[in-house]
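Close look at the chain arrangement
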Amino acid sequence: MLVRGRRGAGIKAMNAAVAVCVACLALAVAPAGPVLTSADIAGAWAGEATHDGESTEMALVFEPLPNGTVVIRVTIPAIALADVALGGVPFKAEGNVLTLGVFTFTYDRAEGTLRGLIPSAFVPADRIPLTLRRVERVALPRRPEPGAPVAAPAWTFDAGAPLWGSAAFADGRVFVGGDDGRLHALDARTGKALWSFQARGAIRTRPTVTGDDLYLHADDGLVYRLGAADGRERWRARAEEGAVTRIPAAQPKPRFERFGSDVTVAEGRVYVGTHDGRVVALDAGRGEKRWEFRSGDSVLAAPAVEGGRVYFGSFDGHVYALDAGKGTLVWKHDARGPVVSTPALAEDTLVVGSRSYDLLGLDAATGARRWKRYFWFSWIESSATVRDGVAYVGSSDTSRLQAFDAHTGERRWAAEAYGWPWGQPAVSADRVYVGAVGDPATGGAQRGGAIAVDRKSGRTVWRLALTPPASGQYGVGGSPALGAGLVFFPALDGRLYALSP
């Protein structure tokens with residue numbers, strides 16, 4: 001009740017205070033909104049996210065369990081992920097804000113929406129809004145079966161060990177190294193073995209042939225100079241501080257370091273990246289070290305050398321440009337995620353991807369960004385190949401080979417690879433070739449093999465289909481090579497496949 005009086009500011013103040021208290025009491029006893037429970041969000045929800053001009057669909061199904069946890073099933077059409085269970089996670093609600101594992105949403109009962117950000121577990125470098133609405137059911141759009149004819153190899157060569165490294169062609173010979181450390185030189189037309197060389201560690205790189213020399217970087221930490229015609233060793237030089245140790249994918253905290261740095265030869269020098277985070281320049285003739293530059297983490301792909309500059313990416317998330325003669329820093333660009341591919345030069349534009357899901361076009365002189373294209377939910381492991389101003393690049397989880405204008409970033413076309421195209425595409429006058437890795441654990445969503453694509457239209461001309469094992473990755477992880485009227489694909493089954501292009 002209000003206290004009334006004839007005079008005095010104190011009485012008026014007391015009346016006001018009592019009125020406020022009565023209002024507070026009314027709010028305290030007013031009926032609260034319904035408490036949010038896991039039953040409120042049970043069922044299927046779907047929505048579309050947009051970022052950098054690219055859109056994608058994402059759907060979640062929530063299944064409450066009697067123990068109070070919720071099973072989340074995720075469907076992402078962009079990467080052929082269908083109804084994958086994340087396991088039971090606790091349901092936590094504070095007002096209309098709910099937390100389910102890595103997901104946090106605001107629930108609007110009136111609108112029937114869940115609003116939040118795509119978790120960093122799915123998109124590591126960006127905070128992307130996502131709005132979901134209830135749907136009757138979630139169905140992944142049917143992925144068309146491969147329609148292109150299956151090509152038969154002209155010949156195959158059994159190397160006896162998985163071929164993660166890439167193939168190289170020169171002077172009628174094709175070269176490829178295996179996980180057993182053996183480098184093979186074959187007659188390109190017939191597949192006949194010509195010679196072999198035994199390194200002290202696995203070969204996860206592509207041999208580099210220049211003139212009558214072959215340069216090879218192996219996981220023993222050494223760079224070898226061999227005779228390309230006979231495989232005789234001319235010198236060896238230590239590039240790594242020690243032998244390379246790769247963490248298997250099944251072990252905790254794997255970095256998925258599938259490949260090492262190829263050797264780049266330019267102006268009488270050999271340039272190579274190292275697992276311990278350096279770029280080393282050696283004298284090509286004698287193997288003596290000229291300089292080294294240390295980045296913040298592993299350099300897992302070959303440097304590109306042109307115009308007196310050395311360009312490379314690092315696992316520390318940066319792209320670097322060095323002075324080729326001195327090894328001093330010219331610029332570095334923050335790519336926001338590990339860079340495990342070789343930058344490709346298109347005149348004054350550098351094209352390179354990263355694990356931030358970004359394909360970048362950088363000014364080669366300054367490192368400034370000219371354009372960016374976003375790959376939904378997919379690292380860009382593939383090194384781009386540039387021809388006639390067009391950059392051709394694979395990816396990872398998007399399972400696509402794509403073509404972009406190297407100067408503007410405009411997409412020309414995208415072709416389904418039906419697997420993970422990690423290698424660098426090989427490009428001829430009229431076709432583009434890339435391998436792909438699959439895994440039976442994906443239920444056929446990712447298949448190992450290779451494709452040949454029409455360069456102008458992106459239409460698949462033929463494909464190489466490989467038989468999946470009972471378990472484990474299979475297919476073509478390294479890069480193909482062109483020569484002698486054939487295209488050569490190194491496969492994880494230990495075979496080199498030669499096909500008519």
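A brief structural summary.

So, about the overall build of the chain. Of the regular secondary structure elements, the chain holds two helices and 41 strands. Along the longest, intermediate and shortest principal axes, the C-alpha atoms of the chain span 115 × 50 × 40 Å. Counting across all 501 residues of the chain, residues that qualify as buried make up 54%. For the chain, the proportion of contacts with a sequence separation of at least 24, taken over those separated by at least 6, is 47%. In the structure as shown, the chain presents an accessible area of about 21,900 Å², 51% of it carried by carbon and sulfur atoms.

With that settled, the discussion passes to the pattern of salt bridges. The final tally for this structure, using the stated rule, is 34 salt bridges. Ionic pairing is found between Glu288 and Arg286, a salt bridge with its closest N-O pair at 3.5 Å. Residue classification places Glu288 among the partly exposed positions, given a relative accessible area of 39%. Exposure remark for Arg286: the relative accessible area of 52% places this residue in the exposed category. Connected via shared salt-bridge partners are Glu241, Asp276, Arg278, Lys289, Glu292 and Arg294.

Turning next to the sheet that holds strand 24 (residues 318-323). One open sheet holds the four strands; their spatial order is 22-23-24-25, and the pairing between them is antiparallel. Looking at strand neighbours, the two that pair on one side only are strand 22 (304-306) and strand 25 (329-334), the edges of this open sheet. The mean angle between the axes of side-by-side strands here comes to 15°, regardless of whether they run parallel or antiparallel. When strand 22 meets strand 23 (residues 309-313), the two strands line up antiparallel, connected through three bridges. Bridge pairing in strand 23 links Glu306 to Arg309.

This part is about the pairing of strand 12 (residues 182-187). Relative to strand 12, strand 11 (residues 173-177) is paired through five bridges, and the arrangement is antiparallel. Counterpart to Gly177 in the pairing with strand 12 is Leu183. Taking the residues that link successive antiparallel strands as the turn, the strand 11-strand 12 hairpin has four residues, and the phi of Gly181 there is positive, at about 85°. Bridge count between strand 12 and strand 13 (residues 193-198): five bridges; the pairing is antiparallel. Directly across from Arg182, in strand 13, lies its bridge partner Gln198. What sits between the antiparallel neighbours strand 12 and strand 13 is a turn of five residues, in which Gly191 has the positive phi angle 85°.

Our next topic: the side chain of Glu381. With respect to the element layout, Glu381 can be found in the loop between strand 29 (369-374) and strand 30 (385-387). A polar atom in the side chain of Glu381 sits 2.7 Å from the side chain of Arg258. At a separation of 3.0 Å, a polar atom in the side chain of Glu381 contacts the side chain of Arg355. The residues touching Glu381, leaving out its near neighbours within four places in the chain, are Phe256, Arg258, Val340, Ser341, Arg355, Ser395, Ser396 and Trp422.

Within this structure, the stated rule accounts for 24 aromatic pairs. Between Trp420 and Trp422, the aromatic rings sit 5.7 Å apart at their centres with planes inclined by 10°, giving stacked as the arrangement. Classification of Trp420 by relative accessible area gives buried; the value is 11%. Exposure remark for Trp422: the relative accessible area of 3% places this residue in the buried category. Cluster of aromatic residues (ring-pair linked, three or more members): Trp164, Phe259, Trp420 and Trp422. The ring of Phe315 has Arg255 lying over it, and the distance from NZ or CZ to the ring centre is 4.1 Å. The lysine or arginine in question, Arg355, covers the ring of Trp379, its NZ or CZ lying 3.8 Å from the ring centre.

To continue, consider the environment of Ala403. Summarising the element assignment, Ala403 is placed in strand 32 (residues 400-405). Relative accessible area serves as the criterion here: at 0%, Ala403 is assigned to the buried category. For the pair Ala403 and Ala414, spaced eleven residues apart in sequence, the C-alpha separation works out to 6.5 Å. Look past the residues within four positions of Ala403 in its chain and what remains in contact with it is Val390, Ala391, Tyr392, Glu410, Arg411, Arg412 and Trp413.

It is worth spelling out unusual backbone geometry at this point. Even without being a glycine, Arg336 presents a positive backbone phi close to 70°. Among the structural elements, Arg336 can be located in the loop between strand 25 and strand 26 (344-346). Positioned with a positive phi, Glu347 is a non-glycine residue whose angle comes to about 60°. If you trace the backbone, Glu347 turns up in the loop between strand 26 and strand 27 (349-353). Given the relative accessible area of 67%, Glu347 is considered exposed.

Conventions we followed
Residues numbered from 1 in each chain as written. Predicted model: local features only at pLDDT ≥ 70, side-chain atom pairs only at ≥ 80, totals over all residues. Heavy atoms only, no water. Helix = DSSP H or I, 4+ residues; strand = E, 2+ residues; numbered from the N terminus. Buried < 20%, exposed > 50% of the residue type's maximum accessible area, 1.4 Å probe, protein only. Contact = heavy atoms within 4.5 Å. Areas by Shrake-Rupley, 256 points an atom, 1.4 Å probe, with all protein chains shown as cover. Salt bridge = Lys/Arg side-chain N within 4 Å of Asp/Glu carboxyl O. Pairing = 2+ DSSP bridges. Axes fitted to C-alpha atoms, helices over the stretch in contact; angles between N-to-C directions. Polar contact = N/O pair within 3.5 Å; in protein donor to acceptor, adjacent residues only side chain to side chain. Phe/Tyr/Trp six-rings, centres within 6.5 Å; stacked < 30°, edge-to-face > 60°. Lys NZ or Arg CZ within 6 Å of the ring centre and 35° of its normal.

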